[in-house]
2 protein chains.
Amino acid sequence: MKFEGLLHIMKDGINRSIYSSFSNNLDNRTDTDGGGDATLDMGSRSSLHTGLQMSEDEHWEMNYHEAAIYLEEGLNNEKFDSHPSSPEELPAYLRVHNPWYHGLDLLASLVLILLAFTEDPAVPAFELPVWAHGTIELLALSVIGIELHLKLKWIGWGTIFKHKRTMLKGITLLIMVLEAVVVLCRQSSHFRVTRALRPIFLVDTRHCGGVRRFIRQILQSLPPIIDMLGLLMFFVATYSLLGYYLFTEHVDNGHFQTISDSFVSMFVLLTTANFPDVMMPSYAKSKWYALFFILYIITVLYVLMNLMLAVVYETFTRIERDKCRALLLHRRGAARRAFRLLVSRRAPRAVRLRHFAGLLRHYAPHYGGLDVYLMFKQLSRSGGGGLSRAEFANVYEVFALRWAAQAARAPWYSASPLEPLGRAAAVAVRWRYFEHLVYAIIIGNGVSMILRVFEAAGDLQDSARLLCASWDTWLFLILFLLEAALRIMASGLSAYLESGWNVFDLSVTLLALLGAVMLTIAPKLFIVVMFRPLRLMRLYKLKKRYRDVFGTLVLLSPLMSSAGCVMLVMYYFFAIIGMELFAGYDLRNCCINTTVEDFYKYSENSSTPLGYYYLNNFENILTSGVSLFELTVVNNWFILMNAYATVAGQFSRIYFMVFYLFTMVVLTIVVASVLEAFRFRIQYKRSTTKRDEEKLLHEEVHTSWEEAQRLGASGDLAEELRAHLPPGMQVTFIGTRPRTKEVLQRRMYQADIQKWLAEEDDSEDAPPSTTVTSSEDPLSPPIIQQPDSENNHQIRTGYQL
Amino acid sequence: MKFEGLLHIMKDGINRSIYSSFSNNLDNRTDTDGGGDATLDMGSRSSLHTGLQMSEDEHWEMNYHEAAIYLEEGLNNEKFDSHPSSPEELPAYLRVHNPWYHGLDLLASLVLILLAFTEDPAVPAFELPVWAHGTIELLALSVIGIELHLKLKWIGWGTIFKHKRTMLKGITLLIMVLEAVVVLCRQSSHFRVTRALRPIFLVDTRHCGGVRRFIRQILQSLPPIIDMLGLLMFFVATYSLLGYYLFTEHVDNGHFQTISDSFVSMFVLLTTANFPDVMMPSYAKSKWYALFFILYIITVLYVLMNLMLAVVYETFTRIERDKCRALLLHRRGAARRAFRLLVSRRAPRAVRLRHFAGLLRHYAPHYGGLDVYLMFKQLSRSGGGGLSRAEFANVYEVFALRWAAQAARAPWYSASPLEPLGRAAAVAVRWRYFEHLVYAIIIGNGVSMILRVFEAAGDLQDSARLLCASWDTWLFLILFLLEAALRIMASGLSAYLESGWNVFDLSVTLLALLGAVMLTIAPKLFIVVMFRPLRLMRLYKLKKRYRDVFGTLVLLSPLMSSAGCVMLVMYYFFAIIGMELFAGYDLRNCCINTTVEDFYKYSENSSTPLGYYYLNNFENILTSGVSLFELTVVNNWFILMNAYATVAGQFSRIYFMVFYLFTMVVLTIVVASVLEAFRFRIQYKRSTTKRDEEKLLHEEVHTSWEEAQRLGASGDLAEELRAHLPPGMQVTFIGTRPRTKEVLQRRMYQADIQKWLAEEDDSEDAPPSTTVTSSEDPLSPPIIQQPDSENNHQIRTGYQL
């Protein structure tokens, strides 16, 4: 039975490492003097399970493949318990770990999400009949279902109970399929709040790893937030009580009519949205009542809310560190597992170049032979013929390096017919006043623009044309293009585009050019006036603090995009619920005799300056999005809440209050993450000189053809290397890694990292050594133990990943 | 001439230390075999200047006095260049450093500030005729003037040019006196915005040191804030331009009519106060216009404002550290200067008990002989007969200790007739379920209270009485009083009141009792309903996170009160200007045909729910304060701004915008300081165990009568000590220091502190050694050098203040 076998493997999976060394030892015994390298893990195990006889090469291919899978799992932070544990599972694994699979998954979940545009209440332009969107939904759901089935077939159905996310996904899928069928049968949508759960599928896709991490971070930050909310709510409740007793009798405004009114008013006041309106009636009665409100705002808003931020910030910083630690140790574990599969019996402590190249053939087929060789050289610090376990543990660090021969650093034009031009440009750019000149031109552009703005008289189109398509615009555009051309000439296009500031310059200049052209063609297209001032931003490069700020933004961008996705998912969730609850209500002229009456006064020829609020509704997913954004910004949010409380019942307030709390939590975490990132960057900058950083981001490798041969380069690899390594010459290659947050973290947490690794070694060493040397397994030779102890020694003395 | 002498001293002041050692050496030579201890500094110098012959005791008294002044200057972070440099200056110095002087200073500046209540536009209840408040003002100003004169007489008029704060104070004083005279002559107030500068006098008083420090911190944080504001304003301006072109033609709402309208709208949108109103007209035209506003808010509010906070936070943290360093080094310098005055020729490296006691007689006369002796013992780690320079440097640390003999830690009732009662109470309190019981009672109180709230039917007075003076209230009050009585019985009143939580419990219980009694007497006094729920806060003690939060609040309280004072000063400043500019305008029914028209609609029997905004005006200092608070809270602040822009001219917007920027800056710094304090506390808690803290806050001294005699206790001191130290017995004393931020900082910055001290020693040692050993002064023996080098050695090897 297939199922039994899987269960058997599952059980085995628990002490896989023991089991591996087991089979390894068995192997050592049976194959003690084989002609080639003896395979260690995969080969022996697969024959154990399937009874197939494999050739040595096949053995090794298998091992490369499995090692590559381990590395992949390490990279993606996947748990090893979904690792394929027999060759039969491999096809299933590969089917699931395949760009097409991931793409289809993403597509299906995006289609599902976009269905909200077409389902009733639909965005007018996208409306579809029920049978159409029902069919699309069922289709997308079945794609997801089939993919889930494939995945579970390989990791085993049992895992679903251990893996909450997959379980949630499965249950949601089930409900959704049922509901989609019901919709198709009844040919009409029912009250389907479960649609709000659709983003689950999106979040579960491979591409949303960052989003999942951010959600996990939010969940981990929740306990302190909830504690602080508890404290906050205590004050809100106490003040509500007091407010009720103070104001209910002699104030006519409805803010404190009942205790629940009072609570709502104080809750809204927490967001300051109804201040000072809530105070004014009582303030008119006696000036001293202002004290009540002032004290409340100071306690709740200025003290407690700031403390909440502080608590979240502290938690966030701690979690960030833990995350870094977990990721590091997981990758190290993956590298160790891969290492075990790549060593041969003859040299059980070292991975040789041939096997390293084999691994990379599977792990990253896009690397050329030179890259592979240089990575190997870079890893092999000891200079021996292979990579020790400790050396191999750094494997993820070298993957990020991009190699170039030092000779390639010569100017691009050195072997080109454009040489004189390039040389002239280089001289011009290197001229000491070149930068000053550029800044002068930028300032000139800014001044002329400001003059144009004040000149702007009479017709709007004329003024726009004056601003963005007059002779001075063209003049400055030409100067900027000239500057860009000079720089490109001097350094070559690719080197030019490496600097973010250059990309910004060029794109802004091109945008302004485009804008000027557009404005000449279509004088109504006012949006292009934006593009001219943008060039002024270049001035911010001048000051260190701005560079820090922009650098932080770059560092933050992955996190910010995750946060943005989380916000969008939250918006989707609340928008669906909002539409299901409130789509049917028309707010025009609603709320007569309430405090928000004025905002909803409507007449065809809208004469009042207010009275547009009926537009903030839940008519379709787009207007819902805008309404929710207004709730996020918080100002005047109570107007929406009060309106719906009037037309749809008092309990709809819960929806708005809960949404407020959700956004507050997410935004607080966003603020905390910005703080953390900035502080991190500044501390990094302070502790790292320009030269330290140069060292951190660049690696040098000196090598020669002879050395490559000595290290065992042969076959295709040798062919490829010969093109780059002229015999008898030392060549130097420079490897450059991008400046990601991880690289910086590794530098900043240096001391911690050493501690973590040592701790992990301690905790890891103890159990296996007792297991292996136990009487259970009389065959265990010390051979397995040795690399560990050697490794430990190295780790404790130096810095090793 | 007096003046010449002062100038001479001023010149000398620059290389005072060289000069001191000079006179010291002279002394050594002339007085080489005197009977008693030879005086070193003050004595010899004063005789040098005045030619007076002093007795040995007088010499020493002089030295004690000057050393005490040095320590005082170190404590108050005053510069040493205002140190009295001759005995004649001493009376002037003492006159200025006198509680009466400080009190009078504070009083005069408070009176000056409070004059704003009485001057036109006055608070009705406090209005005074012009001659009255003019006279009071002149009186207060002359008090301040006389005090300034006294101070300058002693530090020298020349210092005024070096000391910006004093110069500013002098100039302001001059202008104010002139204006006050003019007011008295004309018998009417003119346009006196200079009144806004009155808080300068308050800030300059001795009691406002914290406020001055906070202001300095704000000023130091300003450069990064201004940079960020520049970036912010660039975006505001760019979006204003785009907004103008996009919306000016087809939107009728006045938000984007001209470029300056557009700028104001975008500036207000930066505070979100006019969102979504500013968007609605264009949103009604096309839904896509929402994108413009959403993008703007995301860039400016969610990205840039948060980055601003991050920048300020980073700066604030750095400044905090620098402040700690400067304070530490200044105190150390003061201790060194004092040390030089307390050593005798016979033992030039050690301060003896007799001289230490002499110092304390002047520095802190309230200490008893036992305290003095224990401090000396605590400082003298080496156990020798005197304090070395390094030991003496810790002098500030021991001043904070409060001593008690270990025997005194026995229960309070051990020698009292109430012993059986106390013992029983102690048993009850120590019962393992006692705390549980207390919490159960608190929860019971909470539940009964909530039930009462929902019960609250019908009459308000009845429900208030049910809530706060019904039988269950009394029951729980009695239980709480019983609990407090038990605890007091068990630990004694003073020990009971040492815990902040106990004080909170007791006061809340007494307040609730008072409330219940009040409500029974005057059923209209609803404010007392607040007191019953407060007891529930005790529940927050249960959880660690809340304890951290409250602990941070305690740690923050000095800073927060400084921040509060700064806010008040700022309010005063802007309130005066606001009154001078806007007091004359009546806002009732103003602003017809503007967007804020509705908010100012007024009729005698105010029927509209809005229409109270005319109350937010600058009629007198109190209403101005409330109006400014509303501007601080930011919500709807543009309504006030627009109203005054309509009635008082467009330029009045500047006032409101500037005020917004000011409050934003101060509030950002407050947030940063909260973040810093919380992070600091958490890190401290994490790195410090309960036992470490115990050690940090407590010091133990073992001593005996024999040791005291050996150390040279004689005369009155010996008399006092004999009462506490029975001959032939070792007694242990425990010194306890309060847990202030400084103590925690010393623990957290331990490593830094050692570095700072070492650095300072290096930079300090170099110049004197070259000066002293230069050929200029052939008399210099190595005797002066030795303590330095000995001291350095000790500092580099161990932790020494």
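Residue indices follow the written sequence of each chain, beginning from 1 at its first position. By the order in which they are written, chains take letters starting at A while ligands take numbers starting at 1. In keeping with the model being predicted, local features are shown solely for residues with a pLDDT of at least 70 and side-chain atom pairs are shown and tallied solely at 80 or more, while totals for entire chains, interfaces and linings include all residues. Working from all heavy atoms in the structure, the side-chain values ignore hydrogens and water.

K.L.:
Explain the overall build of chain A here, please?
P.N.:
From N to C terminus, chain A includes 35 helices and five strands. Buried residues in chain A amount to 53% of all 801 residues. It only takes one pair of heavy atoms within 4.5 Å for two residues to be counted as in contact. Of the contacts formed within chain A by residues at least 6 apart in sequence, a portion of 74% connects residues at least 24 apart. Note on areas: Shrake-Rupley, 1.4 Å probe, and residue coverage restricted to the protein chains presented here. Total accessible area on chain A is roughly 35,800 Å²; 64% of this is exposed by carbon and sulfur atoms. Put simply, DSSP H or I for four residues or longer makes a helix, DSSP E for two residues or longer makes a strand, and each gets a number counted from the N terminus. Burial here depends on accessible area, computed with a 1.4 Å probe over protein chains only, as a share of the maximum for the residue type. Under 20% is buried, over 50% is exposed, and the range in between is partly exposed.

K.L.:
It is not clear to me how the interface of chain B and chain A should be interpreted in this structure. Could you clarify?
P.N.:
Frequently, the measure chosen for interface size is the accessible area removed from exposure when the parts meet. Every contact between the two is made by 93 residues of chain B and, on the other side, 93 residues of chain A. The term buried area means the drop in 1.4 Å probe accessible area that two parts suffer when joined, counted for both and summed. The junction of chain B with chain A conceals about 9,100 Å² of combined surface from both sides, 71% of it contributed by carbon and sulfur atoms. Looking at the side of chain B facing chain A, the largest losses of area belong to B:Tyr245, B:Glu314 and B:Phe629, adding up to 8% of the total buried there. For salt bridges, the criterion is a side-chain nitrogen of Lys or Arg within 4 Å of an Asp or Glu carboxyl oxygen. Across the pair B:Arg545 and A:Asp227 runs a salt bridge, and its minimum N-O distance is 2.5 Å. The term polar contact refers here to a pair of N or O atoms within 3.5 Å; inside protein, the definition further demands a hydrogen-donor-capable atom paired with an acceptor-capable atom, and it admits residues adjacent in sequence only when both atoms are side-chain atoms. Our count for the contact surface shared by chain B and chain A stands at 16 residue pairs in polar contact (both at pLDDT 80 or more). Taken together, the residues of the side of chain B that touches chain A break down into 64 nonpolar, 15 polar and 14 charged. Throughout, the ten residues Ala, Val, Leu, Ile, Met, Phe, Trp, Tyr, Cys and Pro are labelled nonpolar, Asp, Glu, Lys and Arg are labelled charged, and all others, Gly among them, are labelled polar.

K.L.:
Teacher, can you tell me more about the packing of aromatic side chains here?
P.N.:
The relation between two aromatic rings is expressed through the spacing of the ring centres and the mutual angle of the planes. Residue and element names in this part refer to chain B. The aromatic pairing rule takes the rings of Phe, Tyr and Trp, using the six-membered ring of Trp, and pairs them if the centres are within 6.5 Å, calling planes under 30 degrees apart stacked, those over 60 edge-to-face and the rest tilted. Across all of its chains, the model carries 89 aromatic pairs over all chains by this definition. Look at Phe 618 and Tyr 655: their rings are 5.8 Å apart centre to centre, the planes differ by 80°, and that puts the pair in the edge-to-face class. In this pair, Phe 618 is assigned in the loop between helix 26 (544-582) and helix 27 (621-633) and Tyr 655 in helix 29 (residues 652-687), connecting sequence segments 37 residues apart. When its relative accessible area of 1% is taken as the criterion, Phe 618 is described as buried. With relative accessibility at 8%, the residue Tyr 655 sits in the buried group. Measuring from ring centre to ring centre gives 6.3 Å for Phe 680 and Tyr 749, while their planes differ by 70°; the resulting arrangement is edge-to-face. Residue Phe 680 is found in helix 29, and its partner Tyr 749 is found in the loop between helix 33 (741-748) and helix 34 (750-772); the two are separated by 69 residues along the sequence. Side by side, Phe 680 and Tyr 749 carry an identical accessibility label, which is buried.

K.L.:
It is not clear to me how the pairing of strand 5 (residues 731-736) of chain A should be interpreted in this structure. Could you clarify?
P.N.:
Strand residues, when the strand is regular, have side chains that alternate between the two faces of the sheet. Residues and elements named next belong to chain A. Most of strand 5 sits inside the fold, with five of its six residues counted as buried. Two strands form a pair only when DSSP identifies at least two bridges running between them. Two strands pair when backbone bridges link them, and strand 4 (residues 698-703) and strand 5 are joined in this way by six bridges, in the antiparallel orientation. Bridged to Glu 700 within strand 5 is Ile 734.

K.L.:
Sorry, what's going on with the UniProt feature "transmembrane region" (unreviewed entry) in chain A here?
P.N.:
UniProt positions are given in the numbering used here, feature names are shortened, and annotations may be inferred rather than shown by experiment. UniProt tags residues 228-247, 259-276, 288-313, 474-497, 509-531, 552-574 and 654-678 of chain A as "transmembrane region" (unreviewed entry). Span residues 509-531 of chain A is 61% helix and 0% strand, its end C-alpha atoms 8 Å apart.

K.L.:
Would you mind showing me how to read a positive patch on the surface here?
P.N.:
Residue and element names in this part refer to chain A. Surface patches are drawn from residues lacking salt bridges whose relative accessible area is over 30%; two like charges belong together within 9 Å, two nonpolar side chains (Val, Leu, Ile, Met, Phe, Trp, Tyr) within 5 Å. Only four residue types enter the charge count, namely Lys and Arg as positive and Asp and Glu as negative; His and the chain termini do not. Each charge is placed at NZ for Lys, CZ for Arg, CG for Asp and CD for Glu. Where like charges cluster on the molecular surface, the positive patch consists of Lys 79, Lys 162, Lys 164, Arg 213 and Arg 216. With respect to the helices, strands and loops of the structure, Arg 216 is situated in helix 11 (residues 209-247). Taking relative accessible area as the criterion, Arg 216 reaches 42% and is therefore assigned partly exposed.

K.L.:
Could you clarify how one ought to interpret the environment of A:Asp505 in this entry?
P.N.:
Residue and element names in this part refer to chain A. Looking at the secondary structure, you find Asp 505 in helix 24 (residues 500-521). C-alpha separation for the pair Asp 505 and Leu 534, spaced 29 residues apart in sequence, amounts to 9.2 Å. Residues within four places of Asp 505 in sequence aside, it is in contact with Glu 483, Tyr 496, Arg 535 and Arg 538.

K.L.:
Is there a simple way to think about the packing of helix 21 (residues 460-469) of chain A against helix 11 (residues 209-247) of chain B in this case?
P.N.:
The relative placement of two packed helices is expressed as an angle between their axes plus a distance between the axes. For helices, the axis comes from a line fit to the C-alpha atoms of the stretch in contact; other axes are also lines fit to C-alpha atoms, and the angle between any two N-to-C directions lies between 0 and 180 degrees. Packing of helix 21 of chain A against helix 11 of chain B leaves a shortest axis separation of 10 Å and a crossing angle of 145°. Between helix 21 of chain A and helix 11 of chain B the crossing geometry is left-handed. For the pair helix 21 of chain A and helix 11 of chain B, the contacting residues are A:Leu460, A:Ser463, A:Ala464 and A:Leu467 in the first and B:Leu241, B:Tyr244 and B:Tyr245 in the second. Here the residues of the contact of helix 21 of chain A with helix 11 of chain B sort into six nonpolar, one polar and no charged. In this scheme, a crossing is called left-handed if the near helix is turned counterclockwise away from the far one by less than a right angle; it is called right-handed if the turn is clockwise.

K.L.:
Before we go on, may I ask you to explain the confidence of the model for chain A in this structure?
P.N.:
Any region with low pLDDT has predicted coordinates that should not be read closely. All names here are of chain A. A score from 0 to 100, pLDDT tells how confident the predictor is in each residue. Model confidence for chain A is summarised by a mean pLDDT of 78, while 86% of its residues fall at 70 or above. Least confident of the elements in chain A is helix 35 (residues 785-797), whose mean pLDDT is 34; most confident is helix 27 (residues 621-633), at 91. Taken together, the stretch residues 767-801 has pLDDT below 50 and engages in 53 contacts with residues farther than four places along the chain or on a different chain.

K.L.:
Whenever I open this one, helix 4 (residues 56-75) of chain B confuses me. Can you help?
P.N.:
Since the α-helix turns once every 3.6 residues, residues separated by three or four places project in the same direction. Residue and element names in this part refer to chain B. To estimate how far a helix should reach, multiply one less than its number of residues by 1.5 Å. Compared with an ideal rise of 1.5 Å per residue, which puts 20 residues at 28 Å, helix 4 spans 29 Å between its outermost C-alpha atoms and is within 8% of the ideal. Of all 20 residues in helix 4, 14 are buried; the element is thus mostly enclosed. Following helix 4 by one or two positions, Asn 77 adopts a phi angle in the positive range, close to 60°.

K.L.:
Help me understand the relation of the copies chain B and chain A, please; the structure alone is not making it clear to me.
P.N.:
Both copies of the chain are related through a single rotation about an axis accompanied by a shift along the same axis. Of the transformation superimposing chain B on chain A, the axial component is 0.1 Å and the angular component is 180°, with the fit at an RMSD of 0.1 Å. Overall, the copies show the geometry of a two-fold rotation axis. Proximity to the rotation axis, assessed at the C-alpha, singles out B:Asn635 in chain B; its C-alpha lies 3.6 Å from the axis. Comparing contact sets, 100% of the residues at the interface of chain B also lie at the interface in chain A, consistent with an isologous, same-surface contact. Our superposition of the copies is a least-squares fit, built on the C-alpha atoms of residues whose pLDDT is at least 70 in both.

K.L.:
Even after reading the chapter, I still don't get the side chain of B:Arg532, so can you show me in this structure?
P.N.:
Residues and elements named next belong to chain B. Positionally, Arg 532 belongs in helix 25 (residues 531-534). By relative accessible area, which is 6% here, Arg 532 ends up buried. There is a polar contact of 2.9 Å between the side chain of Arg 532 and the side chain of Asn 445. In this view, Arg 532 contacts Asn 445, Ser 448, Met 449, Arg 452, Leu 467, Cys 468, Asp 472, Thr 473 and Phe 476; residues no more than four positions away in its chain are not counted.

K.L.:
Just to check I follow, could you spell out helix 19 (residues 419-430) of chain A for this structure?
P.N.:
Residue and element names in this part refer to chain A. Compared with an ideal rise of 1.5 Å per residue, which puts twelve residues at 16 Å, helix 19 spans 16 Å between its outermost C-alpha atoms and is within 8% of the ideal. Taken residue by residue, helix 19 has Gly 422, Ala 425 and Ala 426 as its buried positions. The arc that holds the buried residues of helix 19, viewed along the axis, is 100°, so those residues lie on one side. Among the exposed residues of helix 19, those oriented more than 90 degrees off its buried face are Pro 420 and Val 427. If you follow the buried residues of helix 19, they end up packed against helix 22 (471-491). It is the directions from the helix axis to the C-beta atoms that the arc portrays.

K.L.:
Can you walk me through the side chain of B:Glu137 in this structure?
P.N.:
Mapped onto the fold, B:Glu137 is located in helix 7 (residues 130-155). Only 3.1 Å separates the side chain of B:Glu137 from the side chain of B:Arg198, close enough to count as a polar contact.

K.L.:
Looking at this model, I keep getting lost on the sheet that holds strand 4 of chain A. Mind explaining?
P.N.:
By definition, the strands of a sheet pair up through backbone hydrogen bonds, in either a parallel or an antiparallel sense. Residues and elements named next belong to chain A. The three strands are arranged 3-5-4 in an open sheet whose pairing can be described as antiparallel. Every other strand in the sheet has two partners, leaving strand 3 (402-405) and strand 4 as the edge strands with one partner each. The average angle at which neighbouring strand axes cross in this sheet is 25°, direction not considered. Taken strand by strand, helix 16 (residues 369-379) contacts strand 3, strand 4 and strand 5, and its axis lies near 100° from that of strand 4.

K.L.:
Got a minute to help me understand the packing of helix 26 of chain B against helix 29 of chain B in this structure?
P.N.:
Residues and elements named next belong to chain B. Helix 29 packs onto helix 26 with a crossing angle of 170° between their chain directions and a minimal axis gap of 9 Å. By the angle between their directions, the pair helix 26 and helix 29 is classed as roughly antiparallel. Residues of the contact of helix 26 with helix 29, tallied by class, amount to 27 nonpolar, six polar and four charged. Relative orientations are named as follows: roughly parallel for angles under 35 degrees, roughly antiparallel for angles over 145 degrees, roughly perpendicular for angles from 65 to 115 degrees, and oblique for any other angle.

K.L.:
Is there a simple way to think about the pattern of salt bridges in this case?
P.N.:
A side chain of one charge can pair with a side chain of the opposite charge when the charged atoms of the two come close. All names here are of chain B. Inspection of the entire model under this criterion finds 43 salt bridges over all chains. With its nearest N and O atoms 2.9 Å apart, the salt bridge here joins Lys 377 to Glu 707. With Lys 377 in helix 16 (residues 369-379) and Glu 707 in helix 31 (residues 705-710), this residue pair connects regions lying 330 residues apart in the sequence. Look at Lys 377 and you get buried, because its relative accessible area is 16%.

K.L.:
What is the right way to look at the sheet that holds strand 3 (residues 402-405) of chain B in this model?
P.N.:
All names here are of chain B. If you walk across this open sheet you meet the three strands as 3-5-4, and the pairing is antiparallel. Edge positions in the sheet fall to strand 3 and strand 4 (698-703), since each of these pairs with one other strand and no more. Neighbour-to-neighbour, the strand axes of this sheet turn through a mean angle of 25°, independent of strand direction. With four bridges joining them, strand 3 and strand 5 (residues 731-736) adopt antiparallel strand pairing. Bridge pairing in strand 5 links Ala 404 to Ile 734.

K.L.:
So what exactly am I meant to see when it comes to unusual backbone geometry here?
P.N.:
With the exception of glycine, the majority of residues adopt a negative phi angle, and the majority of peptide bonds are in the trans configuration. Residues and elements named next belong to chain B. Following Asp 120, the chain continues to Pro 121 via a peptide bond in cis, the omega torsion being -5°. With respect to the secondary-structure elements, Pro 121 resides in the loop between helix 6 (99-118) and helix 7. Here Phe 275 and Pro 276 are connected by a cis peptide whose omega angle stands at 0°. Structurally, Pro 276 is set in the loop between helix 12 (259-270) and helix 13 (280-285). Residues other than glycine seldom take positive phi values, yet Val 634 does so here, at roughly 80°. Here Val 634 lies in the loop between helix 27 and helix 28 (637-648).

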